[in-house]
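Overview (structure and organization)
Here's the letter readout for the chains.
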Amino acid sequence: LDDPVTYKLCTAPAIIERIAALLGPDLLLWHSRYFNKPATGPPIPWHQDAPFWNMEPNNCVSAWLALDDVTQANGCVYVVPGSNQTQLPQIPSQDTGRFGRQADISEYDVSSAIPLELPRGEFYLFHRLLLHRSDSNPGSGSRLALSMQFISPEVKLGLEKRKLKVRDFGV
């Protein structure tokens, strides 16, 4: 968040107001990441974010901001409504880029999955247990998005894996 543009995007009033409605007015932005979906890059498998983030209690909401138009034609995210009720087991993943593991959906119905197409500048919020994935991007250009994770102050993060620097961002 040393970049003023990233900081401005992460603290946009429209995003903060909606996150605060879910978590309360005292918020911490603990993680943000740009996602570049290059043309012909690998798909992202079905997964939930929770197994990748060690935290307790489970008070975390993600905001996903489209920095380019996001369509099925360029690898939009698909979600399974209601899937945030149960954490699924993890299995190894292959040929999926940086994802070494994925959700085991062998006994889970993903037929209700819906595509989340967004015009540039719009965002959606989701829980860290929401089951989601994206296809590869068959287009000729890349697609860019910014993912942000917000927590409430009582959340304890598993710091044994990496050191986090805490800084007051006035959010």
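Here is a short report on the structure shown in this document. This is a predicted model, so every value here is computed, not measured.

1. A few points about the packing of aromatic side chains
- The tally for this structure, following the rule as stated, stands at 3 aromatic pairs.
- On the basis of an interplanar angle of 90° and a centroid distance of 5.6 Å, the ring pair of W30 and W53 is categorised as edge-to-face. Of this pair, W30 sits in strand β1 (residues 28-37) while W53 sits in the loop between β2 (44-47) and β3 (55-56), and the two are 23 residues apart along the sequence. Across this residue pair, the class does not change: W30 and W53 are buried.
- A cation over a ring is seen here: R133 above Y78, with NZ or CZ 4.4 Å from the ring centre.

2. What to know about the pattern of salt bridges
- Scanning the model with the defined rule gives 1 salt bridge in all.
- For R133, the salt bridge identified is with D135, shortest N-O distance 2.5 Å.

3. Side note on the side chain of H47
- Topologically, H47 is positioned in strand β2.
- Taking relative accessible area as the criterion, H47 reaches 4% and is therefore assigned buried.
- Within the structure, the side chain of H47 is placed 2.8 Å from the backbone oxygen of P45, a separation counted as a polar contact.
- In contact with H47, not counting residues within four places along its chain, are F52, F99, A103, L130, L131 and H132.

4. Observations concerning the sheet that holds β2
- Spatial strand order, β2-β10-β5-β8: 4 strands in an open sheet with antiparallel pairing. The open sheet has two edge strands, β2 and β8 (114-116), and neither has a second partner. Direction aside, neighbouring strands of the sheet carry axes that sit 25° apart on average.
- Where strand β5 (residues 77-79) and strand β10 (residues 132-134) come together, 3 bridges link them in antiparallel fashion. By the bridge assignment for β10, V77 is matched with S134.

5. Description of the side chain of R128
- Along the polypeptide, R128 turns up in the loop between β9 (123-127) and β10.
- E56 provides the closest opposite charge to the buried, unpaired R128, separated from it by 5.8 Å.
- Leaving out residues up to four positions away in the same chain, R128 has contacts with Q48, D49, A50, W53, M55, N58 and C60.

6. Re the state of the cysteines
- In this structure the tally under the stated criterion is 0 disulfides.
- In this structure C10 is a free cysteine whose sulfur lies 13 Å from that of C60, the closest cysteine sulfur available.
- With a relative accessible area of 1%, C60 lands in the buried category.

7. Thoughts on the nonpolar core
- Formed by 18 residues in total, the largest nonpolar core has its most connected members in W64, Y124 and L131.
- Elements represented by at least two residues in this core include exactly β4 (60-66), β5 and β9.
- When residues of this core are assigned to their parent elements, the largest contribution, 3 residues, is made by β5.
- For W64, the contacting residues outside a window of four places in its chain are V70, V77, L118, E122, F123, Y124, F126, R143, A145, L146 and S147.

8. Digging into helix α2 (residues 13-23)
- Of the positions making up α2, those classed as buried are I15, I16, I19 and L23. Buried residues along α2 cover an arc of 90° about the axis, so they all sit on one side. Set apart from the buried face of α2 by more than 90 degrees, the exposed residues are P13, E17 and A21.
- Against the buried residues of α2 lie α1 (4-10), β4, β9 and β11 (143-151).
- Of the residues flanking the end of α2, it is G24, one or two places downstream, whose phi is positive at about 100°.

So, how was this worked out
- Residues numbered from 1 in each chain as written.
- Predicted model: local features only at pLDDT ≥ 70, side-chain atom pairs only at ≥ 80, totals over all residues.
- Heavy atoms only, no water.
- Phe/Tyr/Trp six-rings, centres within 6.5 Å; stacked < 30°, edge-to-face > 60°.
- Helix = DSSP H or I, 4+ residues; strand = E, 2+ residues; numbered from the N terminus.
- Buried < 20%, exposed > 50% of the residue type's maximum accessible area, 1.4 Å probe, protein only.
- Lys NZ or Arg CZ within 6 Å of the ring centre and 35° of its normal.
- Salt bridge = Lys/Arg side-chain N within 4 Å of Asp/Glu carboxyl O.
- Polar contact = N/O pair within 3.5 Å; in protein donor to acceptor, adjacent residues only side chain to side chain.
- Contact = heavy atoms within 4.5 Å.
- Pairing = 2+ DSSP bridges.
- Axes fitted to C-alpha atoms, helices over the stretch in contact; angles between N-to-C directions.
- Lys, Arg positive; Asp, Glu negative; His and termini not counted.
- Disulfide = S-S within 2.5 Å.
- Core = buried A, V, L, I, M, F, W, Y, C linked by side-chain atoms within 4.5 Å.
- Arc of directions from axis to C-beta.

Function cannot be read off these values alone, since they describe shape.
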